[in-house]
Amino acid sequence: MVIGMLGFQTTVSRPVTLSGTGVHSGAEVTITFNPAEVDTGVVFHRMHDDGSVTELRAVSAQVGSTDLCTVLGFSPAHSVATIEHVMAALYALGLDNVVIEVYGAEMPIMDGSSAPFIEAIEQIGLVSLGVKRRYIRITKPVRIEHGGSWSEFRPYDGTRFEVEIDFECPLIGHQKWEGNLTAATFKSDLSRARTFGFMRDVERLWASGHALGSSLENSVVISDDNTVINVEGLRYAKDEFVRHKALDAVGDLALAGAPFIGCYRSYRGGHKMNANALKALLSDTTAYEVVETSAARPRVTPRDFVAVNAPGFAPWSA
């Protein structure tokens, strides 16, 4: 099986800027993707009005709240929220090193999917930095459970997601998406899937200061009679809902700090389950090994990976 990943670290060829509305704050947000050096990783710079900057590395150890979205940082004034759609795009495209300047408290929601971020990055392109990328290869199963939900990592020769949801809402019901993750698969099967919510929850979310920027332009909204309010309907037949949950999982697991080789499975999961499963994996050093390619080639197979002696390589804990 060929793994659809570049064997070398990458960055963006030049800066690119996007602007939009924060889905929870309702405020205008501007972000800029900037080129970065080898081993920088994904770093968010929240730019403050007084000229100061809060630097947040996109790694598991920096994850704060996961209630309605994934947040980096542990205080509202020094955090960046709703990073999952951006992180999913970066992970799927194989973008390793980038500094994202953020003028606001969260990522712009755009159309509620990862597609606008994919388009912006593809417009400027990636460049290879000529240094081998390291990967986290799963060597044994790691599983967590909470109530009727569970998530697990399993060894697999590739990068695979199997995401299952089960809602009482008859419009959604039981849905499953599974597939090997490549840039092409992500773009065609997941990238355009939008966040979704229920009309019955709107007033409660507004009262708690959330979803202030949510609209039919950036969310699939389900009415009280279990129909889609959006005039254009769903982008992916009947299962846009599980596809978006899979998109979220890709973005949340991008916080491993390095791409993983293995299979991630979840049932009735979400941001919190994704984050906790990742922490469980990274806290068990017998469950994974750090590997890199043995050959200088852009596309690799499982036999091209070799374990490396890198005890200091733990970007997820930084």
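For the structure itself, look to the data block above.
Report follows, based on the coordinates. Just so it is clear, the model here is predicted, and its values are computed rather than measured.

Another aspect to go through is the packing of helix α1 (residues 84–93) against helix α5 (residues 240–253). The geometry of α1 relative to α5 is characterised by a closest axis approach of 7 Å and an angle of 75° between their N-to-C directions. What the angle tells us is that α1 and α5 run roughly perpendicular. Along its contact with α1, which presents E84, H85, M87, A88 and Y91, the element α5 presents H244, L247, D248, V250, G251 and D252. Partitioned by chemical class, the residues of the contact of α1 with α5 number five nonpolar, three polar and three charged.

With 70 residues, the main nonpolar core has F33, F44, L90 and I100 as its most contacted residues. For this core, the element with the most residues is α1, which contributes eight residues.

The next subject is the packing of α5 against helix α6 (residues 271–282). Across the interface, α5 lies against α6 with an axial gap of 9 Å and an inter-helix angle of 35°. Handedness of the α5/α6 crossing: right-handed. Together, D248, A249, D252 and L253 of α5 and H271, N274 and L278 of α6 make up the contact between the two elements. For the contact of α5 with α6, the class distribution of residues is three nonpolar, two polar and two charged.

What follows deals with the layout of surface pockets. In this structure, the largest pocket spans a volume of roughly 1200 Å³. In terms of lining residues, the largest pocket is bounded by 39 residues, among which L68, T195, F196, G197 and K245 are the most central. Residue assignment for the lining of the largest pocket shows that the elements contributing at least two residues are α1, β11 (159–166), β13 (196–198), α4 (202–207), β14 (220–222), α5 and α6. With four residues, the top contributor of residues to the lining of the largest pocket is α4.

Inspection of the secondary structure assignment puts K238 in the loop between β14 and α5. Given the relative accessible area of 68%, K238 is considered exposed.

With that settled, the discussion passes to helix α2 (residues 115–124). Residues spaced three or four apart along an α-helix point in a common direction, a consequence of the helix completing one turn every 3.6 residues. Burial analysis of α2 places seven of its 10 residues in the buried class, the great majority of the element. Turning to α2, its buried residues are A115, P116, F117, I118, A120, I121 and I124. One or two residues past the end of α2 sits G125, with phi positive at roughly 85°.

In the structure shown here, the tally under the stated rule is 19 salt bridges. One salt bridge in this structure joins E122 and K187, with 2.9 Å as the shortest N-O distance. With a gap of 65 residues between them, E122 in helix α2 and K187 in helix α3 (residues 183–190) connect regions that are remote in the sequence. Given a relative accessible area of 41%, E122 falls into the partly exposed group. In this structure, the salt-bridge partner of R160 is E178, at a minimum N-O distance of 3.6 Å. Taken as a pair, R160 in strand β11 and E178 in strand β12 (residues 174–180) lie far apart in primary sequence, 18 residues in all.

What counts and how
- Residues numbered from 1 in each chain as written.
- Predicted model: local features only at pLDDT ≥ 70, side-chain atom pairs only at ≥ 80, totals over all residues.
- Heavy atoms only, no water.
- Axes fitted to C-alpha atoms, helices over the stretch in contact; angles between N-to-C directions.
- Helix = DSSP H or I, 4+ residues; strand = E, 2+ residues; numbered from the N terminus.
- Parallel < 35°, antiparallel > 145°, perpendicular 65-115°, else oblique.
- Contact = heavy atoms within 4.5 Å.
- Nonpolar A, V, L, I, M, F, W, Y, C, P; charged D, E, K, R; others polar.
- Core = buried A, V, L, I, M, F, W, Y, C linked by side-chain atoms within 4.5 Å.
- Buried < 20%, exposed > 50% of the residue type's maximum accessible area, 1.4 Å probe, protein only.
- Left-handed = near helix turned anticlockwise from the far one by under 90°.
- 1 Å grid on protein atoms, 1.4 Å probe; cavity = no way out; pocket = protein on both sides within 12 Å on 5 of 7 lines; lining within 4 Å.
- Points joined across faces, edges and corners; volume = space filled by probe spheres on them.
- Salt bridge = Lys/Arg side-chain N within 4 Å of Asp/Glu carboxyl O.

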